[in-house]
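# Architecture at a glance
Each chain, written out:
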Amino acid sequence: MYALIDGNSFYCSCERVFRPDLKSKAIVVLSNNDGCVVARTPEAKALGIKMGVPYFQVRHLEKQGRLQVFSSNYELYADFSRRMMMTIASLVPAIEVYSIDECFADMTGMNNLAEHGRAIKARVMQWVGIPTCVGIAPTKTLAKFCNHLAKRYPDHFGGVVVWPDWSVKVQRRALASEPVSEIWGIGRSTAEKLNTQGIQTALDFMLADSATIRRRYGVTIERVQRELQGIPCDVLQLDIPQKKQLVRSRSFGQSVTELEDLQAAVTHHVSSAAAALRKEKTQAHILSVYILTNRFKENAPQYYGHRQTAIHPSSDTVTLNNAAQALLRQIFRAGYEYKKCGVELAGIEPVCNQFALWCEPEAERPIMGAVDRIQERFGRRSIFLASEVLGTQWKMNRSILSPCYTTNLNDVLLVH
């Protein structure tokens, strides 16, 4: 038995935790560089704001005082996600974190499933301040479907839907009420193809001939159907699979022309990727760096530079940054307006055990462990490589950024 717990309008809910004055106000959160809407509260949806709409198209609502707008505060959201997952884990045997705002929980052997669902919902609200919805079912796909119903009809279900509590008649009525596109694992293209075959609703899909589904769409879609029929085809992924590559990149807030700005951006990305390697006790032996101009500026000169090199397996920030800066100098060309840069680490493998016969362990650098501990305690900006401040033009535009209430000592609220 699985539960799918999902934070409601997660980014927006994080912004509300320390701002009770925003409890019933329309809120949206913007994408990188304050480009477009990526999260909305129900009040914002009621204003007709669509997902992905450019910021400038809703700015008039902000000026009228009808809408509160925030830049994406990734540090805050990541910390709230961590707290939310730890809270859920305190009530269930095991969880699988599926995304920043949702996870699957193991409910096997538990009685009074609805009561447990309400307990999870209440504890997350009390301990973290994030409203959630809970869907409970014998398969992941059905749990996701139940969560969708709980979120769509909050007043009717109270935020918790338990599939086994319904009769077969009610279950089929629920499946018939939703289009096939609402099934987890059915993309838009697949849904359109299914529609042309007369499969319009989730119930239609569940009752369709399995052999035909497999022949036309493959075993993956057949497994989705089996899950919708209550046959488990997927289990909790308790062990996070090792990443085969790490990519860190971001578009700049404004065009960059100087090498120093690119050097600062590359250092930032390398530092982030190296910290991720150390956290997972892995190392990389392939490093790539790329830079590119804005392809949407058709009248401006265009350039894409990319270089890759093999390195001694490492997770050391200084070592990786020295190699990345060397690649950057090779691909940099003056006279271009750069819009984005990125680094990629590949050939990722576990750190060699000192007793291994066929590999040479990386030289011990206690300083990296010290850096990680300082950043974990005092924040990412408490200590960093000096080359990260060679330039500032590359930084992302976040002009409506809220304080990092839980991850920056300078932003901690003071009560007088």
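Residues numbered from 1 in each chain as written. Predicted model: local features only at pLDDT ≥ 70, side-chain atom pairs only at ≥ 80, totals over all residues. Heavy atoms only, no water.

### A look at the overall build of the protein
We count it as follows: The way it works is that DSSP assigns letters per residue, a run of H or I at least four long becomes a helix, a run of E at least two long becomes a strand, and they are numbered from the N terminus. It is over C-alpha atoms that the radius of gyration is taken, and the globule rule equals 2.2 Å times the number of residues to the power 0.38. Categorising residues by exposure relies on relative accessible area from a 1.4 Å probe, with only protein chains included: less than 20% of the type maximum marks a residue as buried, more than 50% marks it as exposed, and the intermediate range marks it as partly exposed. Contact between two residues is taken to exist if any of their heavy atoms lie within 4.5 Å; hydrogens are not considered. Areas reported here follow the Shrake-Rupley algorithm with a probe of radius 1.4 Å; residue values treat only the protein chains shown as occluding. By the counting rule applied here, Lys and Arg register as positive and Asp and Glu as negative, while His and the ends of each chain are not counted. The atom standing in for a charge is NZ when the residue is Lys, CZ when it is Arg, CG when it is Asp and CD when it is Glu.
Regarding its fold elements, the protein presents 15 helices and 13 strands. Expected size for 416 residues packed as a compact globule is a radius of gyration near 22 Å; at 24 Å, the protein falls within 12% of this value. Across its three principal axes, the protein shows a C-alpha extent of roughly 65 × 65 × 55 Å. Looking at the protein as a whole, 45% of its 416 residues qualify as buried. Sequence separation of 24 or more characterises 68% of the internal contacts of the protein that already satisfy a separation of 6 or more. Accessible surface computed for the protein: about 22,000 Å², of which carbon and sulfur atoms make up 52%. Computing the positive centroid from 50 side-chain charges and the negative centroid from 40, the protein places the two 4 Å apart.

### Here's the deal with a nonpolar patch on the surface
The cut-off we apply is this: Patch rule: a residue counts if its relative accessible area is over 30% and it has no salt bridge; like charges are joined within 9 Å, and nonpolar side chains (Val, Leu, Ile, Met, Phe, Trp, Tyr) within 5 Å. By convention in these notes, a salt bridge is any Lys or Arg side-chain nitrogen within 4 Å of a carboxyl oxygen on Asp or Glu.
A cluster of nonpolar side chains, Ile 374, Phe 378, Leu 409 and Val 412, forms an exposed patch at the surface whose accessible area comes to about 350 Å². With respect to the secondary-structure elements, Phe 378 resides in helix α15 (residues 366–378).

### Remarks on unusual backbone geometry
Most of the time, phi is negative for any residue but glycine, and the peptide bond is trans. Despite not being glycine, Asp 34 shows a phi value in the positive range, around 55°. Within the secondary structure, Asp 34 is located in the loop between β2 (27–30) and β3 (37–40). Relative accessible area serves as the criterion here: at 9%, Asp 34 is assigned to the buried category. A positive phi angle, close to 50°, is found at Asn 112, a residue other than glycine. Exposure remark for Asn 112: the relative accessible area of 54% places this residue in the exposed category.

### Let's talk about the packing of helix α1 (residues 10–17) against helix α4 (residues 74–89)
Our working definition: Simply put, an axis is a line fit to the C-alpha atoms, just over the touching stretch for a helix, and the angle between two N-to-C directions goes from 0 to 180 degrees. Here the angle decides the label: under 35 degrees means roughly parallel, over 145 means roughly antiparallel, 65 to 115 means roughly perpendicular, and every other value means oblique. Polar here means any residue outside two lists: the nonpolar Ala, Val, Leu, Ile, Met, Phe, Trp, Tyr, Cys and Pro, and the charged Asp, Glu, Lys and Arg; Gly therefore counts as polar.
The contact between α1 and α4 brings their axes to 10 Å, and the two run at 90°. Overall, the two elements α1 and α4 adopt an arrangement that is roughly perpendicular. Here Phe 10, Tyr 11, Cys 14, Glu 15 and Val 17 of α1 lie close against α4, whose contacting residues are Leu 76, Tyr 77, Phe 80, Ser 81 and Met 84. Grouping the amino acids of the contact of α1 with α4 by side-chain chemistry returns eight nonpolar, one polar and one charged.

### Points about the sheet that holds strand β5 (residues 95–99)
Note the following rule: Pairs of strands are assigned from DSSP output, requiring at least two bridges between the strands.
Pairing within the open sheet is mixed, and its five strands lie in the order β5-β6-β1-β7-β8. This sheet does not close on itself; its edge strands, each paired only once, are β5 and β8 (160–162). Taken pair by pair, the neighbouring strands of this sheet meet at an average axis angle of 15°, ignoring direction. Bridge count for strand β1 (residues 2–7) against strand β7 (residues 132–137) is six bridges, and the pairing is antiparallel. Bridge assignment links Ile 5 to a residue of β7, and that residue is Val 134. Where helix α6 (residues 140–152) meets the sheet, its contacts fall on β1, β5, β6 (102–106), β7 and β8, and the angle it forms with β7 comes to roughly 140°.

### Overview of the packing of aromatic side chains
Short version of the rule: Whether two aromatic rings pair depends on their centres lying within 6.5 Å, for rings of Phe, Tyr and Trp, where Trp uses its six-membered ring; planes under 30 degrees apart make the pair stacked, over 60 edge-to-face, and the rest tilted. Charge-over-ring placement is defined geometrically: NZ (Lys) or CZ (Arg) within 6 Å of the ring centre, and within 35 degrees of the ring normal.
Here the structure, examined in full by the defined rule, presents 16 aromatic pairs. Site record: aromatic cluster; members linked through ring pairs are Phe 145, Tyr 153, Phe 157, Trp 163 and Trp 166. In this structure, Arg 59 packs its charged tip against the face of Tyr 55, placed 4.4 Å from the ring centre. Here the guanidinium or amino end of Lys 140 rests over the ring plane of Phe 104, the centre of that ring lying 5.0 Å away.

### Describing the pairing of strand β10 (residues 282–293)
Where burial is concerned, most of β10 is hidden: nine out of the 12 residues are buried. Both β10 and strand β13 (residues 349–350) contribute to a ladder of two bridges, which runs antiparallel. Residue Gln 283 lies in a different strand from β13, and its bridge partner there is Glu 349. When β10 meets strand β12 (residues 338–346), the two strands line up antiparallel, connected through eight bridges. Residue Val 289 lies in a different strand from β12, and its bridge partner there is Val 343.

### Section: the environment of Ala 264
Mapped onto the fold, Ala 264 is located in helix α13 (residues 259–279). Accessibility expressed as a relative area gives 0% for Ala 264, which makes it buried. When the C-alpha atoms of Ala 264 and Gly 253 are compared, they prove to be 14 Å apart, with 11 residues separating the residues in sequence. Contacts of Ala 264, omitting those with residues within four sequence positions, involve Ser 387, Glu 388, Val 389, Leu 390, Gly 391 and Trp 394.

### Details of the environment of Leu 67
As for its position among the elements, Leu 67 is in the loop between α3 (59–63) and β4 (68–70). Assessed through its relative accessible area of 3%, Leu 67 is described here as buried. Residues in contact with Leu 67, not counting those within four places in the same chain, are Lys 25, Ala 26, Ile 27, Val 28, Ala 44, Ile 49, Val 58, Leu 61 and Glu 62.

### Details of the side chain of Glu 96
For the record, the criterion: Here a polar contact means two N or O atoms within 3.5 Å. Within protein one must be a hydrogen donor candidate and the other an acceptor candidate, and residues neighboring in sequence count only if both atoms are side-chain atoms.
Tracing the backbone shows Glu 96 in strand β5. In this structure the side chain of Glu 96 is engaged in a polar contact, spanning 2.6 Å, whose partner is the side chain of Lys 140. Beyond its immediate stretch of four places on either side in the chain, Glu 96 contacts Cys 103, Phe 104, Lys 140, Val 235, Leu 236 and Gln 237.

### A look at the pattern of salt bridges
Inspection of every chain in the model, using the stated rule, returns 14 salt bridges. Across the salt bridge formed by Asp 6 and Lys 151, the nearest N and O atoms sit 2.3 Å from each other. In this pair, Asp 6 sits in strand β1 while Lys 151 sits in helix α6, placing the two residues 145 residues apart along the sequence. Judged by its relative accessible area of 8%, Asp 6 is buried. Of the charged contacts, one joins Lys 297 and Glu 337 as a salt bridge, the two residues approaching to 3.4 Å between their closest N and O atoms. Residue Lys 297 is located in the loop between β10 and β11 (304–314), and its partner Glu 337 is located in the loop between α14 (317–331) and β12; the two are separated by 40 residues in the primary sequence.

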